[in-house]
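Chain residues, written in single-letter form:
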Amino acid sequence: MTGAPLPDALLFAAEPAPNFFRRLVRAARHPLRLLPILAARLTGRRVRAATAFAALTGAHHRLEWPGPVPAAEPNGELARHGIERIEPAPHDSVRIAPEGSPLVLLAAPGHSLVAGAAAAIAAAFADPSLHALYGDALVRTRPGNPWLPLLRPAFDPDFLRAVDWLGPVLILRRASAAAIDPVPGALTLDMALDLHARHGLGAVRHLPRQLSRSTCPSDGGGEGARAETRRARLKAVRHDLDRAGEGDTLAFVEPDGVIRLERPLPVPRPRVSLIVPTRDRLDLLRPCIESLRARTDWPAKDILICDNGSREPATLAYLEELRTAGAARILDCAGPFDFAAINNRAAQVARGSVLAFVNNDVEAEQPDWLERMVREALRPEIGAVGARLIDGAGRIQHGGIVLGTGGLATHSHRFFSTDAPGYFSALRATRSVAAVTAACLVIEAKKFQKIGGFDPAFAVDFNDLDLCLRLNAAGSRTLFVGGAVLHHRESASRRPSPASAARHAAEIVALKKRWGPLLAQDPHYHPGLDPDLSTHVAVRRGWTGVAPAEPR
């Protein structure tokens, strides 16, 4: 199977990683930025130095397994814990008989359990509300390659429909799975989605522990086998949509293997109010507004510019030009910059049933970005929706907000290259996240108003994070839409000062006071991944993957 294409979920493993010497040469071109990094490293501030070095040279995955590979589970342990193993051949069908051991392990040939897995599985199923369980794995993508840890996310049906990161090892409660007639070639995917549809979100859970290992990808055999697997995945997703009463949703596989869903839009399409706060900086504002006018395919747009005291003649002339042409409304928001208050005020006078908050340093790249986000924002169970943002250096600026990283919260896959697929193709998929940035955030107006809008306690920072956490707490979900791509020159229109530093510190205190324990560990970020570097770069120091763990 050498040379066979990787499974779609493992495309991140094929990314070439620049060696350290090349990165150092690249950094040496910026000596004024490199010297503080070297000073931090020499004085023991490892995390600060590593983060600054990634900001200078870019981030990439360094996920080779650092520790010993766990031994194989002894023969007989599965039976001793009431587990029957079934190994269907690729693209074969399987029906689970109603009689037999209480638990069934589906595993592709070549995947072996690691020591202690059977006991960990049996302990998890002591919870009667658990119907299916999956864990983490070690895989060699090619014979002789280093072991790669597959540290899977908590169960997320949106993410799973887009990318089959679940893997070929799934443990099922026999009584729950016996009635399922799964799609051949997508057995574990179809079964997990079926059980989730019948029993709710807690029915399928992730055990953040190594359960299996394999020496080769499970879908070897060339492009023909990959195409067959994609067809099976699409059929399983189609089944899931039909179960959910979403038979009118379009589903198709994109070239990178991500399954894209297009839910129907109302006719006529809802009006979207694009809210853009600004103060001068015509060099940022003009490209932003012109991209919203010319490179945003949406028929019913209401552009609302919140002018926070612009004084430069060129800016004032441009605003008047827009007003005269009827291209935008200008809302006077003079006074100290208060992001929360400005956007709340704009939301009150917005004409659209959907709100799109857009920073003045954001520029649309792909014309369908708004359509992709609105399709998700109109779902009743969805609160805020965010986009993939690219910084001025052509790298990932925002891939969703991850709690508990960087000391508080950071943006997922920060500093990765713009074409990076992300861990399990997370940068290209639509998936649940803890929060998204308000640099580009779409939400239905009624949901925004019901939650009380942005909290004035967070005048400049963390207002988006707090908004999403309040929406989540109220029962909504926050989504990241990887297919919605825009450029963002982050904070290009803001200037540091002692006053802003003091205000930032006070808002950190307020955020910790309100959300305390929730900020410690993001439910969508694996606890075995390093929380200090740019996310998804490395395995956490000391993580063995075999310690006792609770399903999540």
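Residues numbered from 1 in each chain as written. Predicted model: local features only at pLDDT ≥ 70, side-chain atom pairs only at ≥ 80, totals over all residues. Heavy atoms only, no water.

Colleague: Outline the overall build of the protein, listing residues and values.
Modeller: Within the protein, the secondary structure is distributed over 16 helices and 21 strands. A compact globule built from 552 residues should have a C-alpha radius of gyration of about 24 Å, and the protein, at 24 Å, falls within 12% of that. Once the C-alpha set of the protein is aligned to its principal axes, its extents read approximately 80 × 60 × 45 Å. Taking all 552 residues of the protein together, 56% fall into the buried category. For the protein, the computed accessible surface area is about 22500 Å², with 57% contributed by carbon and sulfur atoms. (Helix = DSSP H or I, 4+ residues; strand = E, 2+ residues; numbered from the N terminus. Rg over C-alpha atoms; globule rule 2.2 N^0.38 Å. Buried < 20%, exposed > 50% of the residue type's maximum accessible area, 1.4 Å probe, protein only. Areas by Shrake-Rupley, 256 points an atom, 1.4 Å probe, with all protein chains shown as cover.)

Colleague: I'd like a description of the pattern of salt bridges, backed by residues and values.
Modeller: As a working rule, side chains carrying opposite charge can pair if their charged atoms are close by. Following the criterion strictly, the structure yields 42 salt bridges and no others. In this structure, Glu 320 engages Arg 323 in a salt bridge whose closest nitrogen and oxygen atoms are separated by 3.2 Å. Taken together, the residues Glu 320 and Arg 323, both in helix 11 (residues 313–325) and 3 residues apart, mark about one turn of the helix. Owing to a relative accessible area of 38%, Glu 320 belongs among the partly exposed residues under this scheme. Note on Arg 323: relative accessible area 43%, which makes it partly exposed. (Salt bridge = Lys/Arg side-chain N within 4 Å of Asp/Glu carboxyl O.)

Colleague: Summarise the nonpolar core; cite the residues concerned and give the values.
Modeller: Counting residues in each nonpolar core, the largest one holds 52 residues, and the members touching the most others are Trp 165, Leu 172 and Phe 424. Of all the secondary structure elements, the ones that give two or more residues to this core are strand 2 (103–106), strand 4 (132–139), strand 5 (148–150), helix 6 (157–162), strand 6 (170–173), helix 8 (187–199) and helix 9 (223–243). A total of 6 residues in this core trace back to one element, the largest contributor, which is helix 8. Aside from chain neighbours lying at most four places away, what touches Leu 172 is Ile 96, Pro 102, Leu 103, Val 104, Leu 106, Phe 125, His 131, Ala 132, Ala 177, Met 191 and Leu 195. Membership of the second largest hydrophobic core comes to 40 residues, among which are Leu 265, Ile 303, Leu 370 and Val 385. (Core = buried A, V, L, I, M, F, W, Y, C linked by side-chain atoms within 4.5 Å. Contact = heavy atoms within 4.5 Å.)

Colleague: Explain helix 11 residue by residue, including any values.
Modeller: Counted at 1.5 Å a residue, the expected span for helix 11 with its 13 residues is 18 Å, and the 18 Å between its end C-alpha atoms agrees. Turning to helix 11, the residues buried within the fold contact helix 10 (282–294), strand 11 (301–307) and strand 12 (329–332). A positive backbone phi angle near 70° is found at Gly 326, which sits one or two residues after helix 11. (Expected span 1.5 Å × (residues − 1).)

Colleague: Any details on the environment of Arg 329? Residues and values, ideally.
Modeller: Position of Arg 329 among the secondary structure elements: in strand 12. As for Arg 329 and Cys 306, which are separated by 23 residues in sequence, their C-alpha atoms are 8.6 Å apart. Among all residues touching Arg 329, those that are not within four sequence positions of it are Asp 302, Ile 303, Leu 304, Ile 305, Val 349, Ala 350 and Arg 351. Separated by 3.2 Å, the side chain of Arg 329 and the backbone oxygen of Val 349 make a polar contact. (Polar contact = N/O pair within 3.5 Å; in protein donor to acceptor, adjacent residues only side chain to side chain.)

Colleague: Tell me about the packing of aromatic side chains, residues and numbers included.
Modeller: Scanning the entire structure with this criterion turns up 9 aromatic pairs. Judged by centre distance (5.5 Å) and plane angle (55°), the ring pair of Tyr 134 and Trp 165 falls under tilted. With Tyr 134 in strand 4 and Trp 165 in the loop between helix 6 and strand 6, this pair connects stretches of sequence that are 31 residues apart. Both residues of the pair, Tyr 134 and Trp 165, belong to the buried class. Within the aromatic cluster, the residues linked to one another by ring pairs are Phe 339, Phe 357, Phe 448 and Phe 454. Here Arg 431 stacks its cationic end above the ring of Phe 159, 6.0 Å away from the centre of that ring. (Phe/Tyr/Trp six-rings, centres within 6.5 Å; stacked < 30°, edge-to-face > 60°. Lys NZ or Arg CZ within 6 Å of the ring centre and 35° of its normal.)

Colleague: Describe the environment of Arg 80, naming the residues involved and giving the relevant values.
Modeller: Mapped onto the secondary structure, Arg 80 falls in helix 4 (residues 77–80). Each C-alpha atom, one on Arg 80 and one on Phe 337, is 65 Å from the other, the two residues being 257 residues apart in sequence. At 3.1 Å, the side chain of Arg 80 and the side chain of Glu 77 are in polar contact.

Colleague: Summarise helix 12 (residues 339–349); cite the residues concerned and give the values.
Modeller: Listed in full, the buried residues belonging to helix 12 are Phe 339, Ala 340, Ile 342, Asn 343, Asn 344, Ala 346 and Ala 347. Those residues of helix 12 hidden inside the fold are in contact with strand 10 (272–278), strand 11, strand 12, strand 13 (354–358), helix 14 (445–450) and helix 15 (463–473).

Colleague: Summarise the side chain of Asp 455; cite the residues concerned and give the values.
Modeller: Tracing the chain through its elements places Asp 455 in the loop between helix 14 and helix 15. A residue is classified by how much of its surface remains accessible, and Asp 455, at 16% relative accessible area, is buried. Setting aside residues up to four positions removed in sequence, Asp 455 forms contacts with Ala 340, Asp 466, Arg 470 and Arg 514.

Colleague: An account of the packing of helix 15 against helix 16 (residues 498–515) is needed here, citing residue identities and associated values.
Modeller: Two quantities define a packed helix pair, namely the angle between the axes and the distance from one axis to the other. Put simply, helix 15 and helix 16 touch, their axes get as near as 11 Å, and they point 10° apart. Relative to helix 16, the element helix 15 is oriented roughly parallel. Across the interface between the two elements, Leu 465, Asp 466, Leu 469, Arg 470 and Ala 473 of helix 15 pack against Leu 511, Arg 514 and Trp 515 of helix 16. For the contact of helix 15 with helix 16, the residue count by class is 5 nonpolar, no polar and 3 charged. (Axes fitted to C-alpha atoms, helices over the stretch in contact; angles between N-to-C directions. Parallel < 35°, antiparallel > 145°, perpendicular 65-115°, else oblique. Nonpolar A, V, L, I, M, F, W, Y, C, P; charged D, E, K, R; others polar.)

Colleague: Got a sec to walk through the pairing of strand 8 (residues 250–253)? Specific residues and values, please.
Modeller: Inspection of the sheet shows strand 8 paired to strand 9 (residues 259–262) by 4 bridges, in the antiparallel sense. When the sheet's bridge partners are listed, Phe 252 is paired in strand 9 with Arg 260. Where strand 8 folds back on strand 9, the antiparallel hairpin that results is connected by 5 residues, among which Gly 257 adopts a positive phi of roughly 90°. (Pairing = 2+ DSSP bridges.)

Colleague: Please give an account of the environment of Leu 241 that cites residues and values.
Modeller: Among the secondary structure elements, Leu 241 is positioned in helix 9. Along the primary structure Leu 241 and Leu 261 are separated by 20 residues, whereas in three dimensions their C-alpha atoms are 9.7 Å apart. Beyond its immediate stretch of four places on either side in the chain, Leu 241 contacts Glu 246, Gly 247, Thr 249, Ala 251, Leu 261 and Arg 263.

Colleague: Requested: an account of the state of the cysteines, with residues and values cited.
Modeller: This model, assessed by the stated rule, comprises 0 disulfides. Left without a disulfide partner, Cys 288 is nearest to the cysteine sulfur of Cys 440, which lies 9.4 Å away. Cys 440 provides the cysteine sulfur closest to Cys 468, a residue in no disulfide bond, and the two sulfurs are 12 Å apart. (Disulfide = S-S within 2.5 Å.)

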